[in-house]
Structure formats: structure tokens, C-alpha cells
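Remarks on the overall topology
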Amino acid sequence: MTNTASLDQASQPLQLRNFYLARQPMLDRNQALFGYELLFRRTANNNAEIETDMAATAAVLAHAAQLGLPRAVGDAVAFLNVDTEVLMSDIFAFLPREHTVLELVGSVEATEPVLWRLAELSGHGFKFAAEASAHGSRLGRLLPLLDYVKLNLRTMPVVTMLSLVPRLRGTGKRLIAEKVESQTEYRTCLDLGFDYFQGFYFARPSVIEGRKLSPSQLALVDLMNLVVSDADNIEIERAIKRDVTLSINLLRIVNTPAAGLRQRIDSLSQALIVVGRRQLQRWLQIMLYAEPGTRGHTQTPLLMLASTRARLMELLAGRLRPGQRHVADMAFTVGIMSLMDTLFCVPMADLVEQIPVSDEVSSALLRRSGFFGELLRLTESFERMEEGDDMLPALSELASRGDDLVELEMAAFEWSGQVVRSAL
């Protein structure tokens, strides 16, 4: 049986080379973050490949667990793909069972040994998920041992889903709509009674003509303009003080562990001096995603995605252009701004006119061109769990240096988790 070793072992450092990690969020019915599906990949011969050998994935999973799986998902639930070989192995010692779901891939069959193993692991607190097929024969005898059932909107006809969802709901299983790519699809699945939703519908721009920024958003944008234009500290401080909520949130966010400050900041004047213009601009950008009020907690996934993307781009730029702090800062700005069209429902071309940015940042945001555009395409490929020729140059350069890509991603995940917990 699985060795249920202490999770303390998971915090031990481990150097892991040429692996990287993708994660895709799952949201609940309130669009709050519930979990992530994690996918591990490797690079070989300077090519980016999706890892298809599940035995190799098992080895990567063991290493990633030692790096600290909680760093990748925070308080969310981790969905990990496993095949029969992995399921029958003994690699679960480092996994936090209360935050882990083992997702059975399509090759797992309901043989007696598999059913026995699922029952055994279930008795030790593990939970399981599997995808239902359009013809209905995918689950079979696995269903009684599953906690979650996934339905893929890209492969399952709507008419089949309409009949299958009520039957599955009657079994008490929690249902996950997979590959949800639009608000319309989300609403349809919500009406059908799905519990969770996976896909990039919340990160796709849905431009509404005539949409304007809210007063508090405009205040943040105006404040960012003051910072970028090198206005006096007293002028910036007055602008912040005009909005009490802005003042409180700024003090809260600059005191988060993600800020890395060694002393507590108790006043706005102190924040402007100690934090500095570069960091102040960063926190203002993040606060746009964390604006309280109408969006509230439902925007947590978008805040998480934007802050993770920005931090990962910053770390990647630091490795590719060491010693060039301004390059890493610009990479962060590109990452955090790359989802503002979704946040505001405003075309990106309009946003770059409202928020002053350099030509390099503008090219990256509008055309995905230049060094920062390549970094943005690279991080977007990570997020989509896709491979492509457009991500090879930067990835090959990193891999050739032996950099630990999964460690960079873990660091970005952990940093963004600290930001979100402190910002909302």
C-alpha cells in the first residue's frame, strides 16, 4: 500500500532539470477558484514536447512533489493525470491527499486489480476523476469509485450532454465541464447543473462596445500615469489619499510577503519612499485586478492568472537577460497588462492609448512581437498546455542553459498565491 510519509518531506529542496509545469484552473459555480489540472512536460533535443509517456510523468510527479506541490496550487485542489501503471505504483507518498484528485486517463480500464487499487487508495483519502465519453461506455464499473466526472464540451454533442448530465447528477458525483471556451458555454453548463468549470472562457476578451472604466479604475490608471511620468511624491500621495479604499488596499498589498519587504509599512509617504516607483507601479497594476465591489471574489482566477503570468515572465527575462533589471520589469508589465482587455472588456489597442507604454510593450501586447512578445507567447503556451514552434526559441535558450523551468514556474505560482491572498 502507498507509503503515507509526512508531507514535511515534500519541502526538501530538489534540483530538477529540463522540466516545466502547466496548470489550468477550475472554477466553481460562483467563478471562484476551486482547483488546477496540472500537466508535466519535458524538453529534449531543444524541442518542446508534451509528455505522453505516463511512466515518465510518474517520475516527474515524484520530483515535483518533492519541490512542494502546495507551492503550485496553494489552497486549491490539484488534479493529476494518471494511467494504470502510475495508479498501481507507489508514488503517492508526498501528495497531500486532502488537496489531490487523481484523474484517470482514457487508457485506464475497470479490471479487477484496478478496482481493488482504487478502493484501497480511496480508503486512505484519495479522490478520483475520469472523463465520460459521448457513447456512455467510458465509465462502466469505475463510476462508483469516482468523486468527479468530467464532460468535454469539444467532443460531446450537446444532445448527448442534455441526457447524460441529469443521470450523472443522480449518482451524486460532482460534475466538471471541460473545455469551456465562452461565457455562453459557461451559462449553458451552469443551467445544466455542473459543479465546476474548466477552460479559458474567463481569460478570453469579450469586448463590449462603449464600456468605460469605473471611477476607481480610472483613479488607478491616473495614478499609474503619475508614477510613469515621474511626478513628485507629494502629488502621488495626494492622489492616493483622495480614495480611502485605494489607500487601505495599497498599504495592505505592499505589506504582503510577496513584496519582500523586511519592515512593515504603516503610512503612504513611507510606502512611496521604501517601495519605490517601480514596485509602486507593479502593485497598482495588480490592484486593477483586485478592485473590490462589483467583481469581488469572482475575479480571483483572473488576478491569479495575470499575476502568475507577469511573475513568470519577469523570472524568465531575468534568466535570459541577467543583470538587466529594467528588462525584467518590462516583462512583468507586459504580463500583467496582457489580460487587461479581458478585465475591462476594452480592446487592447484602446488600453495602450489610455495607459502610456513603450513601443516594445505595445508591440508585445498588440502583435506578440519582439523579445517581450516571444516571452508572452511562451507563457501563454504554458498556460494552454500546448506546444508550438513559436515558443521554441526562448525555451531552447533556457533549456540549453540547464535552467530549472519547473522551479521558475513554482516560484511564480507561489508568489501569485501570496498576492491574491493579500489583495482580496
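1. Quick notes on the environment of Met-313
- Secondary-structure assignment places Met-313 in helix α10 (residues 300–320).
- Since its relative accessible area comes to 0%, Met-313 is described here as buried.
- For the pair Met-313 and Ala-412, spaced 99 residues apart in the sequence, the C-alpha separation amounts to 8.9 Å.
- Those residues within four positions of Met-313 in sequence are excluded, and the remaining contacts are Ala-331, Val-334, Gly-335, Phe-372, Leu-375, Leu-376 and Thr-379.

2. Brief notes about the nonpolar core
- Residues Leu-104, Phe-128, Val-149, Leu-151, Phe-194, Ile-236 and Tyr-289 are the most contacted members of the largest nonpolar core, which totals 118 residues.
- It is α10 that contributes the most residues to this core, twelve residues altogether.
- Aside from chain neighbours lying at most four places away, what touches Leu-151 is Ala-132, Met-156, Met-161, Leu-164, Val-165, Leu-168, Ile-176, Ala-177, Glu-178 and Phe-194.
- Membership of the second largest hydrophobic core comes to nine residues, among which are Val-101, Ala-129, Tyr-148 and Tyr-196.

3. Some details on the confidence of the model for the chain
- When pLDDT is averaged along the chain, the result is 75, and 72% of the positions lie at 70 or above.
- At the level of individual helices and strands, the chain shows its lowest average pLDDT in strand β3 (residues 47–49), which scores 36, and its highest in strand β8 (residues 174–178), which scores 95.
- Below a pLDDT of 50 lies the segment residues 43–52, which in the model reaches 26 contacts outside its immediate sequence neighbourhood of four places, other chains included.
- Residue range residues 292–298 is modelled with pLDDT below 50. Its contacts to residues more than four positions away, or to other chains, number eleven contacts.

4. Observations concerning unusual backbone geometry
- A positive phi angle is found at Lys-179, which is not glycine, with a value near 65 degrees.
- Looking at where Lys-179 falls in the secondary structure, it is placed in the loop between β8 and α5 (183–192).
- In this structure Lys-179 comes out as partly exposed when scored by relative accessible area, which is 35%.
- For Arg-368, which is not glycine, the phi dihedral falls at a positive 55 degrees.
- Tracing the chain through its elements places Arg-368 in the loop between α14 (359–367) and α15 (370–384).

Cut-offs used in this document
Residues numbered from 1 in each chain as written. Predicted model: local features only at pLDDT ≥ 70, side-chain atom pairs only at ≥ 80, totals over all residues. Heavy atoms only, no water. Helix = DSSP H or I, 4+ residues; strand = E, 2+ residues; numbered from the N terminus. Buried < 20%, exposed > 50% of the residue type's maximum accessible area, 1.4 Å probe, protein only. Contact = heavy atoms within 4.5 Å. Core = buried A, V, L, I, M, F, W, Y, C linked by side-chain atoms within 4.5 Å. pLDDT = per-residue confidence, 0-100.

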